[in-house]
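Remarks on the overall topology
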Amino acid sequence: MAGRAKKSYRLAICGATGAVGREMIGILAERDFPVGQLRLLASERSAGELLNFRGEELSVEVLDEKSFAGMDLALFSAGGAVSKVFAPLAAEAGCVVVDNTSAFRMDPDVPLVVPEVNPEALADYGKRSIIANPNCSTIQLVVALKPLHDAVRIRRVVVSTYQSVSGAGKKGVKELEAQCLSVFSMRPIESECFPRQIAFNCLPQIGAIGDDGYSFEEKKMIQETRKILSRPDLRMSATAVRVPVFYSHSEAVNIEFEAPLSVDRAQELLSAAPGIEVIDDQSGGAYPTALEATGGDDTLVGRIRKDTSLEHGLDLWVVADNVRKGAALNAVQIAEHLIEKYL
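Scope of this entry: the structure provided in the associated data block. No experiment lies behind these values; they were computed from the predicted model shown. Think of each chain on its own: its residues are numbered from 1, step by step along the sequence as written. Where totals are concerned, whole chains, interfaces and linings use all residues; where local detail is concerned, this predicted model gives features only for residues with pLDDT of at least 70, and gives and counts side-chain atom pairs only at 80 or more. Neither water nor hydrogens contribute to the side-chain values; these are computed over all heavy atoms in the structure.

Let us now look at the pattern of salt bridges. Opposite charge on two side chains allows them to pair when their charged atoms are near. Within this document, salt bridges are pairs made up of a side-chain nitrogen of Lys or Arg and a carboxyl oxygen of Asp or Glu, the two lying within 4 Å of each other. In total, this model carries 19 salt bridges according to the counting rule given. Between E336 and R31 there is a salt bridge whose closest N-O contact spans 2.8 Å. Remark: R31 occurs in the loop between α1 (19-30) and β2 (35-42) and E336 occurs in helix α8 (residues 324-341); sequence separation between them is 305 residues. In this scheme, a residue with accessible area under 20% of its type's maximum is buried, one over 50% is exposed, and one in between is partly exposed, where area comes from a 1.4 Å probe on protein chains only. You can call R31 partly exposed: its relative accessible area is 28%. Look at the salt bridges and you will find they share partners, linking E23, E30, D297 and R324 into a network. The way it works is that DSSP assigns letters per residue, a run of H or I at least four long becomes a helix, a run of E at least two long becomes a strand, and they are numbered from the N terminus.

See below:
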């Protein structure tokens, strides 16, 4: 963060008591973000809850129309319905919003940003004073695609995701815990968060399935990837699967390029790219998994290999912490770029 303005900023977190909101609080402290005042906002049921920030206990306030008066920045992670109402109000109050929901991602006047991929898009933040944080599965995908696409233009991407239950929030984690206990104690399985049993199972549905057969999650990945890479013509297909893993998403990515790109060159490009760690010694069994990714900032890439069915194809395995890089960290990184170059 060298070169940023040497002053402090008044910052609000909307959805502070959720999994992503709590992670945001911790990351702000870890990265020494220049917070002069931190306002923690949530619903009435969380009012008065105390959360620690840099050794100080801060009380959670009820979100309302006046919550953003005097604030410079607001990080939103309280659901799309809340963002649609309160993000524009925050912007009207003079606050720059970084929104972690899907509410504004495809708005042409709202930048959709992954700092390692398209930080230049932040130049247009003033159109609505709202910046969108992409979907967690999209973030790790485009971090891996960008250095390869810059070297050799990508023609087509096919991605299958293996997404942890924390992508559905705290209720998803609790449901997997409860179902595992029910299986071992031979009690009836109750499913509320997910459409079917998730314990010891894989569900090829995240979000409602549309008339075209694609789920909402799959459509988000396709649309957001095209926008972030400025490739509306990118041919892409996605299959999003919920798996019984608590944290971190994994993705199997098949890429077709317009010209040759060797495995060795792909490894070099990915190793040199910001925010990526390559773990790829296939002869020695070294490759990333969700356990290695959890709690880390980097997107992990392994199993880099030639697709023998394509003239110019590669396969990758991509893993990242969905709560951290896939949500909270990316939002804080956006805020860091804002204060360094624009605020």
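On we go from here.
To continue, consider the sheet that holds strand β10 (residues 235-242). Strand order in the open sheet formed by six strands is β10-β9-β11-β14-β13-β12, and the pairing between neighbours is mixed. The sheet terminates laterally at β10 and β12 (276-278), the two strands that pair on one side only. Here the average twist between neighbouring strands, direction ignored, is 20 degrees. Where β12 lies against strand β13 (residues 299-306), three bridges are found, and the strand directions are parallel. Looking at β13, one finds that V278 is bridged to V301. For two strands to be treated as a pair, DSSP must find at least two bridges joining them. Lines fitted to C-alpha atoms define the axes, with helix axes restricted to the stretch in contact, and inter-axis angles between N-to-C directions lie between 0 and 180 degrees.

What follows is about the sheet that holds strand β6 (residues 73-76). The sheet built from six strands is open, its strands ordered β5-β2-β1-β6-β7-β8 with parallel pairing. The sheet is open, and its two edges are formed by β5 (61-62) and β8 (130-132), each paired on a single side. Direction of pairing for strand β1 (residues 9-14) relative to β6: parallel, over a ladder of four bridges. Paired with C14 across the two strands is F76, which belongs to β6. The sheet strands contacting α1 are β1, β2 and β6, and the helix crosses β1 at an angle near 155 degrees. Against the sheet, α8 touches β1, β6, β7 (96-99) and β8, its axis set at about 165 degrees to β6. By the convention used here, residues are in contact when the closest approach between their heavy atoms is within 4.5 Å.

Positionally, E177 belongs in helix α4 (residues 170-184). Put simply, E177 and R31 are 146 residues apart on the chain and 31 Å apart in space, counted from C-alpha to C-alpha.

Glancing now at the packing of helix α3 (residues 136-151) against helix α5 (residues 216-228). The contact between α3 and α5 brings their axes to 9 Å, and the two run at 40 degrees. On the basis of their axis angle, the class for α3 and α5 is oblique. Here α3 runs over α5; the crossing is right-handed. Residues S137, T138, L141, V142 and L145 of α3 form the contact with α5, whose own contacting residues are E217, K220, M221, E224, T225 and I228. Residues were grouped as follows: Ala, Val, Leu, Ile, Met, Phe, Trp, Tyr, Cys and Pro as nonpolar; Asp, Glu, Lys and Arg as charged; and all remaining residues, including Gly, as polar. Within the contact of α3 with α5, the residues separate by chemical class into five nonpolar, three polar and three charged. Relative orientations are named as follows: roughly parallel for angles under 35 degrees, roughly antiparallel for angles over 145 degrees, roughly perpendicular for angles from 65 to 115 degrees, and oblique for any other angle. In this scheme the handedness of a crossing depends on how the near helix is turned from the far one: anticlockwise by less than a right angle means left-handed, clockwise means right-handed.

Turning next to the side chain of N330. Its location among the elements puts N330 in helix α8. What makes N330 buried here is its relative accessible area of 0%. A polar atom in the side chain of N330 sits 2.5 Å from the side chain of N133. For N330, the contacting residues outside a window of four places in its chain are V113, V114, P115, E116, N133, P134, I139, R324 and K325. Definition of a polar contact: a pair of N or O atoms within 3.5 Å, with one able to donate and the other able to accept a hydrogen when the atoms are protein atoms, and with sequence-neighbouring residues admitted only if both atoms are side-chain atoms.

It is worth spelling out unusual backbone geometry at this point. In this structure, D32 is a non-glycine residue whose phi angle is positive, near 55 degrees. Within the fold, D32 resides in the loop between α1 and β2. Residue M186 is not a glycine yet carries a positive backbone phi of 55 degrees. Mapped onto the elements, M186 comes out in the loop between α4 and α5. When its relative accessible area of 76% is taken as the criterion, M186 is described as exposed.

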